[in-house]
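Single-letter residue listing:
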Amino acid sequence: MKEKVLKVMEEIIRPQLAQHYGDISLIDVKDKVVYVKLLGACSGCPSARFTIEDVVLASIQNEIPSIERVELVQEVSSELLDMAKKMLRKGE
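Residues numbered from 1 in each chain as written. Predicted model: local features only at pLDDT ≥ 70, side-chain atom pairs only at ≥ 80, totals over all residues. Heavy atoms only, no water.

Student: How would you sum up the pattern of salt bridges? Please name residues and give values.
Tutor: A side chain with one charge can pair with a side chain of the opposite charge if their charged atoms come near. Scanning all chains against the criterion turns up five salt bridges. Taking the shortest distance from any N to any O, the salt bridge between Arg14 and Glu10 comes out at 2.7 Å. One end of the pair is Arg14 and the other is Glu10, both in helix α1 (residues 2-18) and four residues apart, which spans about a single turn. Using a relative accessible area of 47% as the deciding quantity, one classes Glu10 as partly exposed. (Salt bridge = Lys/Arg side-chain N within 4 Å of Asp/Glu carboxyl O. Helix = DSSP H or I, 4+ residues; strand = E, 2+ residues; numbered from the N terminus. Buried < 20%, exposed > 50% of the residue type's maximum accessible area, 1.4 Å probe, protein only.)

Structure (structure tokens):
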């Protein structure tokens, strides 16, 4: 299943996101759910939820109907966490 999802992402989804300077990474496929991370300009976009529903989920379900949903994984880098901690400590 993972290979099929990767193929859809590479051939259909990535070209659409690239038009907006974005990209996507597959994190996992488990129990009919696809877990992805948006990259580039898409990662911080306020419309990310619509992108997941209207572009990613629709494209994947068109090719693989058994997929029930796509979940957006929001990972925070350790560098960003360290910077936030430093900023918060300055206020003490």
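That was the structure; now back to the text.
Student: Describe in detail the side chain of Thr51, supporting the description with residues and values.
Tutor: Within the fold, Thr51 resides in helix α2 (residues 48-63). For Thr51, a relative accessible area of 17% gives the class buried. Look past the residues within four positions of Thr51 in its chain and what remains in contact with it is Leu17 and Val56. (Contact = heavy atoms within 4.5 Å.)

Student: Please give an account of the environment of Ile64 that cites residues and values.
Tutor: Inspection of the secondary structure puts Ile64 in the loop between α2 and β3 (69-72). As for Ile64 and Ile12, which are separated by 52 residues in sequence, their C-alpha atoms are 13 Å apart. Once you skip the residues sitting within four places of it in the chain, Ile64 turns out to touch Met1, Lys4, Val5 and Val8.

Student: Please set out the sheet that holds strand β1 (residues 22-30) residue by residue, giving values where relevant.
Tutor: Across the sheet, three strands lie side by side as β1-β2-β3; this open sheet has mixed pairing. Since the sheet does not close on itself, it has two edges, and those belong to β1 and β3, each with one partner. On average, each strand axis in the sheet is inclined to that of its neighbour by 35°, with strand direction left out of account. Where β1 meets strand β2 (residues 33-40), eight bridges bridge the pair, whose relative direction is antiparallel. When the bridges of β2 are listed, Ile24 appears paired with Leu38. On the sheet, α1 packs against β1 and β2 and is oriented at approximately 160° with respect to β1. Set on the sheet, α2 makes contact with β1, β2 and β3; between it and β3 the angle comes to about 145°. (Pairing = 2+ DSSP bridges. Axes fitted to C-alpha atoms, helices over the stretch in contact; angles between N-to-C directions.)

Student: Explain α1 to me, and be specific about the residues and the numbers.
Tutor: Its axis deflected by about 40° at Met9, α1 carries its strongest bend there. Those residues of α1 lying buried are Val5, Val8, Met9, Ile13 and Leu17. At its buried positions, α1 is contacted by β1, β2 and α2. (Bend = angle between axes of the 7 residues up to and from the residue.)

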